[in-house]
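Report on the structure
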2 protein chains.
Amino acid sequence: MAKDRKQPRPKAETPKGFRDYFGAEVTERQEMLARIAEVYRRHGFDPLETSAVETVEALGKYLPDVDRPNAGVFAWAEEEGEGGSWLALRYDMTAPLARVAAQYRNDLPNPYRRFTMGPVWRNEKPGPGRFRQFYQCDADTVGAASVAADAEICGMLADALEAVGIDRGDYIVRVNNRKVLNGVMEVAGLAGDDKEHARGIVLRAIDKLDRLGEDGVRALLGKGRKDESGDFTEGAGLSDAQADVVMGFMAARRDSGAATVARLRELVAGSSVGTEGVQELETIASLLAAAGYGPDRIVIDPSVVRGLGYYTGPVYEAELTFEILGDDGRPRQFGSVAGGGRYDDLVKRFTGQEVPATGVSIGVDRLLAALRAKGRMGGDAQGPVVVTVMDRDRMADYQRMAADLRAAGLRAEVYLGNPKNFGNQLKYADKRASPVAVIQGSDEAARGVVQLKDLILGAKLAQEATLEEWKSQPAQVEVPLADLVAEVRKLLDRHR
Amino acid sequence: MAKDRKQPRPKAETPKGFRDYFGAEVTERQEMLARIAEVYRRHGFDPLETSAVETVEALGKYLPDVDRPNAGVFAWAEEEGEGGSWLALRYDMTAPLARVAAQYRNDLPNPYRRFTMGPVWRNEKPGPGRFRQFYQCDADTVGAASVAADAEICGMLADALEAVGIDRGDYIVRVNNRKVLNGVMEVAGLAGDDKEHARGIVLRAIDKLDRLGEDGVRALLGKGRKDESGDFTEGAGLSDAQADVVMGFMAARRDSGAATVARLRELVAGSSVGTEGVQELETIASLLAAAGYGPDRIVIDPSVVRGLGYYTGPVYEAELTFEILGDDGRPRQFGSVAGGGRYDDLVKRFTGQEVPATGVSIGVDRLLAALRAKGRMGGDAQGPVVVTVMDRDRMADYQRMAADLRAAGLRAEVYLGNPKNFGNQLKYADKRASPVAVIQGSDEAARGVVQLKDLILGAKLAQEATLEEWKSQPAQVEVPLADLVAEVRKLLDRHR
């Protein structure tokens, strides 16, 4: 064999922050997304697949999410001589939607309902469980000012969760309205440009209710808060009366949507934007009730805030309410898997015209993790039947067996490595998670039979069986070649 | 309304050479790929989805296809302080497979059968119908030296074509072997390093048989050829006797695989590599025959060459044999939609060890175009039922109608634009390719009925009907609200 050139070999490594998906990881995600797509399509949403690459100009320089203002994109200059423009990988699905809505505005139906599923890229420092490429699954309605569009998406989200296997009772879609929040600010005396800083502190404080509890939030609304490490977070400087208004808002949820709405109406009395927001929530609630979405699925919940700088009207969030074991071994609620809301000025960047839009994004990896935690995934993990090769010259016979199994709809393959060492073939079948190995030596061939090795039972016996049990080889049966398909199917059914 | 800032607006444009896919363009491709995936899975191939981004080091600097040595990749430097490495978008699926096979070699089954489907990116000058992002659909077996692996992929390719809707008789998979070609070169006296230039000319000449015909190829094998424009292409300088050997090779195809193999064996007599290649073709032919793939599906065909610098053994190609109308209005064969072969040194770049591999790539866009030409796609183009809004206050009623239709498995949506102008609602339904519009004004609501407008029949009548026919409104029926779902289904069935 010729010596390798001295040039150093490249490293075989996925780039930092990226990952590869194998086998069931791919099919399970696809299955989940296909079920969601079916629900979206039934609601009149059309698929859209934009190019992964956008001009930096069209993307805009920053991620819209104010929590990560410095997060970057993967960008590069077009080759010289092409005018010096820059291209970049999309960082979300909303910016490309805005571009599409502007670019094709004369051809698209108006309103335009679309869904999209695919990878997005973020040029961020990778961390544990935090990748620079991940899937997003978005549904948006562009061009509908009516909150009926928001209600529709909330209902569709509930349907999608049930379609992928989250039972009713294991999730809740919570709806709020940024306008109500703005109304509360007004009532608390926080209107006006000079109060923007204080409003920001209040919004962030509300968002932390889950984590800090009422006392923590109250501290942030007032003079500020020192955390356990001794770090001090500045407060909004609200008086007790002002803080009461805000705290009252967060506690406004009642047993029924109607009661919550009534309570909110009291809280924002005097604020026109707040009253408008409450009116919108009331409309959403009545539309959802009429369409059959009860409070066991969708509720009005004033504590939902979400991406504060971004949304202009209704906001919504889907939370999974069942418990899983946290990293500390304690049970905790699974938490949020999807969220969205109304945003009205994205297309305006391109056309100068304000176009109303509302949409939801499902956290694909989180939802998949939830389905795995619930045991709703993994049926696909079983490997193919492996036809082993005892006699290299009879490869055609083995191929025919595999072809017969496939023709019956079963997954089947012939071992294609070096057949000399039979142990390697069984090791291979093991690595393939194969349920059954088919074995036919010249002796069996002469007698017109095959041996079927039940690898699942075999693995179990290897752990549990006594030597006598094991020697009797209950996991291996001899069957007529003519019955190959039927007998394999019998073994597979045994492990279903 | 506030004036826009003076900052110029970004252009809403897909970057040059990229495109967006809408509605049926997305679903039809997905459907086709899902059917192919099902065939691949049944053959024991596992899905793999690598990251879109690779290190430039892992990709290597050049595309492997010698026809495009200067074609580039989209690449960018990692942020400063990260060691100055470069990242790039993958340009095909084979380079990432090589990286994966090296990186996970201790964990993957050996042989490793995998398939993958997804976009790849090429930094090339875009042209008509030539995009810088496009789909590839690959299946490869890594680690199997046996030509049984090649035979398996040829058979699987035939199955996949039938699974997506190409009838038997409308395609042919053609198989050849680079070793036979090398043997022919040897027999023609073109062995040795000093003859590499001449061999290259011969190979390119063979590849042009379809286009130039026998005389043209003979000219290229000999002194060279002047084309219609007067341009001269250098010839290989072969004697007539040498050229006879090469021409004989190209004409070696006989009616049966066995006869073709026998003829090839004569032609390469005396060349050990040629004889080995013929032996491999014979094995492939017998394996395929045993697995039930007759010469109506897969044939040995010496005229197949493919990606010359790249392959080391069997090569294969799937061609669609039905005719379509060319751009010039004349019928022509649809042509090649998939191809591949054996390549043995890709993983070696990383590990120093030679790993045998063979695989096929389906031209996703070409196959889709073929299916559309055959009328096998487009069933999905029908839009949703559109429930129109006559009375803004009864939005909940309309939503309930849509929900009822959806619950019955039909696509349905409520019009969410401004309902004031009813004509706009019907224009919208038209743009949505909606088959049926549901209409209920207050009068109909009071009587418990809805109007169903058959938009497909309506469009037909608009073209054909007399004024009297049109006035009688045969395309519109009034039905009880309680029968909404059944009556809509009746209308949809009418147009199936």
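Cut-off values and rules
- Residues numbered from 1 in each chain as written.
- Chains lettered and ligands numbered in written order.
- Predicted model: local features only at pLDDT ≥ 70, side-chain atom pairs only at ≥ 80, totals over all residues.
- Heavy atoms only, no water.
- Contact = heavy atoms within 4.5 Å.
- Buried area = accessible area lost by both parts, 1.4 Å probe.
- Salt bridge = Lys/Arg side-chain N within 4 Å of Asp/Glu carboxyl O.
- Polar contact = N/O pair within 3.5 Å; in protein donor to acceptor, adjacent residues only side chain to side chain.
- Least-squares fit on C-alpha atoms with pLDDT ≥ 70 in both.
- Axes fitted to C-alpha atoms, helices over the stretch in contact; angles between N-to-C directions.
- Helix = DSSP H or I, 4+ residues; strand = E, 2+ residues; numbered from the N terminus.
- Left-handed = near helix turned anticlockwise from the far one by under 90°.
- Nonpolar A, V, L, I, M, F, W, Y, C, P; charged D, E, K, R; others polar.
- UniProt positions renumbered as here; feature names shortened; annotations may be inferred.
- Buried < 20%, exposed > 50% of the residue type's maximum accessible area, 1.4 Å probe, protein only.
- Pairing = 2+ DSSP bridges.
- Parallel < 35°, antiparallel > 145°, perpendicular 65-115°, else oblique.
- Arc of directions from axis to C-beta.
- Phe/Tyr/Trp six-rings, centres within 6.5 Å; stacked < 30°, edge-to-face > 60°.
- Lys NZ or Arg CZ within 6 Å of the ring centre and 35° of its normal.

Comments concerning the interface of chain B and chain A
- The partner chain A presents 96 residues to the 95 residues of chain B that form the contact.
- Note on chain B versus chain A: buried area summed over both sides is about 8,400 Å², and carbon and sulfur give 53% of it.
- In this assembly, chain B and chain A are joined by 12 salt bridges.
- The closest approach of N and O atoms between Glu49(B) and Arg29(A), which form a salt bridge, is 2.7 Å.
- Taken together, chain B and chain A are joined by 48 residue pairs in polar contact (both at pLDDT 80 or more).

Some points on the relation of the copies chain B and chain A
- You can overlay chain B on chain A at an RMSD of 0.1 Å; the transform is a turn of 180° with a shift of 0.0 Å along its axis. These values place the two chain copies in the arrangement generated by a two-fold rotation axis. Taking C-alpha positions as reference, the residue of chain B nearest the rotation axis is Trp76(B), located at 2.8 Å.
- A share of 100% of the interface residues of chain B reappears at the interface of chain A, consistent with the copies meeting face to face through the same patch.

Considering the packing of helix H1 (residues 24-42) of chain A against helix H4 (residues 148-164) of chain A
Residue and element names in this part refer to chain A.
- Relative to each other, H1 and H4 sit at 145°, their axes nearing to 9 Å. As for how H1 packs across H4, the hand of that crossing is right-handed. Listed contacts from H4 to Met32, Arg35, Ile36, Val39 and Tyr40 of H1 are Met156, Asp159, Ala160, Ala163 and Val164.
- Looking at the contact of H1 with H4 residue by residue, the class counts come to eight nonpolar, no polar and two charged.

Quick word on the UniProt feature "binding site: L-histidine" (unreviewed entry) in chain A
All names here are of chain A.
- The UniProt feature table records "binding site: L-histidine" (unreviewed entry) at Asp92, Met93, Thr94, Arg122, Gln136, Asp140, Arg306, Tyr310 and Tyr311.
- Within the secondary structure layout, arginine 122 lies in the loop between strand S6 (112-121) and strand S7 (133-142).
- Judged by relative accessible area, arginine 122 falls into the buried class, the value being 8%.
- Polar contacts involving the side chain of arginine 122 include one to the main-chain carbonyl oxygen of tyrosine 91, which spans 2.7 Å.
- The topology assignment puts glutamine 136 in strand S7.
- The exposure class of glutamine 136 is buried, given its relative accessible area of 11%.
- Here glutamine 136 is in contact with Asp92, Met93, Thr116, Met117, Gly118, Val120, Arg122, Ser361 and Val364, once residues within four sequence places are set aside.
- Looking at glutamine 136, its side chain comes within polar contact range of the main-chain nitrogen of methionine 93, at 3.4 Å.

Regarding the pairing of strand S8 (residues 171-177) of chain B
All names here are of chain B.
- With seven of seven residues buried, S8 is to be regarded as a mostly interior element.
- Residues of S8 alternate between two faces, with Tyr171, Val173, Val175 and Asn177 on one and Ile172, Arg174 and Asn176 on the opposite face, all of them buried.
- Here seven bridges tie S8 to strand S12 (residues 314-325), and the two strands are oriented antiparallel to one another. Within S12, the position partnered with isoleucine 172 by the bridge is glutamate 319.
- Bridge analysis of S8 against strand S11 (residues 298-300) gives three bridges, and the strand direction is parallel. Considered in S11, the bridge of arginine 174 is made with valine 299.

Digging into the pattern of salt bridges
All names here are of chain A.
- In total, this model carries 77 salt bridges over all chains according to the counting rule given.
- Here arginine 35 makes a salt bridge to glutamate 31, at a shortest N to O gap of 3.8 Å. With arginine 35 and glutamate 31 both in helix H1 and four residues apart, the pair spans about one turn of that helix.
- Taking the relative accessible area as the measure of exposure, arginine 35 reaches 38% and is therefore partly exposed.
- Given a relative accessible area of 34%, glutamate 31 falls into the partly exposed group.
- As a salt-bridge pair, aspartate 454 and arginine 494 come within 2.9 Å of each other at their nearest N and O atoms. With aspartate 454 in strand S18 (residues 449-454) and arginine 494 in helix H18 (residues 484-494), the pair connects residues that are 40 residues apart, well separated along the chain.
- A residue is classified by how much of its surface remains accessible, and arginine 494, at 48% relative accessible area, is partly exposed.

Here we look at the packing of helix H6 (residues 196-207) of chain A against helix H7 (residues 209-221) of chain A
All names here are of chain A.
- In the contact formed by H6 and H7, the axes pass within 7 Å of each other and the chain directions differ by 150°. One finds that H6 runs roughly antiparallel with respect to H7. Residues Ile201, Val202, Ala205, Ile206 and Asp207 of H6 pack against Leu209, Val217, Leu220 and Leu221 of H7.

So, helix H12 (residues 364-373) of chain A
Residues and elements named next belong to chain A.
- Residues of H12 that are buried include every one of Val364, Leu367, Leu368, Ala370 and Leu371, and no others. One side of H12 carries all its buried residues, which in axial view fall inside an arc of 155°.
- Against the buried residues of H12 lie H1, S7, H4, strand S12 (314-325), strand S13 (331-343) and strand S14 (357-363).
- Within two residues after H12, glycine 375 carries a phi angle of roughly 70°, on the positive side.

Considering unusual backbone geometry
- Pro111(A) follows Asn110(A) through a cis peptide bond whose omega is 0°.
- Considering the arrangement of structural elements, one finds Pro111(A) in the loop between helix H3 (94-103) and S6.

A look at the packing of aromatic side chains
- Inspection of the entire model under this criterion finds 16 aromatic pairs over all chains.
- Relative to Phe115(A), the ring of Tyr40(A) lies with its centre 5.7 Å away and its plane at 65°, an arrangement referred to as edge-to-face. Taken together, the positions of Tyr40(A) in helix H1 and Phe115(A) in strand S6 put the pair 75 residues apart, joining distant regions of the chain. Note on accessibility: Tyr40(A) and Phe115(A) belong to one class, buried.
- Between Trp121(A) and Trp121(B) the ring centres are 6.4 Å apart and the planes differ by 85°, which places this aromatic pair in the edge-to-face class. Taken together, the residues Trp121(A) in strand S6 and Trp121(B) in strand S6 (residues 112-121) connect one chain to another. Here Trp121(A) matches Trp121(B) in class, with each residue buried.
- By the ring-pair criterion, three or more aromatic residues cluster together here, those being Phe18(A), Phe74(A), Trp76(A), Phe18(B), Phe74(B) and Trp76(B).
- Over the aromatic face of Tyr21(A) sits the side chain of Arg29(A), whose NZ or CZ is 4.7 Å from the ring centroid.
- Residue placement shows Arg29(A) over the ring face of Tyr135(A); its charged tip is 3.8 Å from the ring centre.

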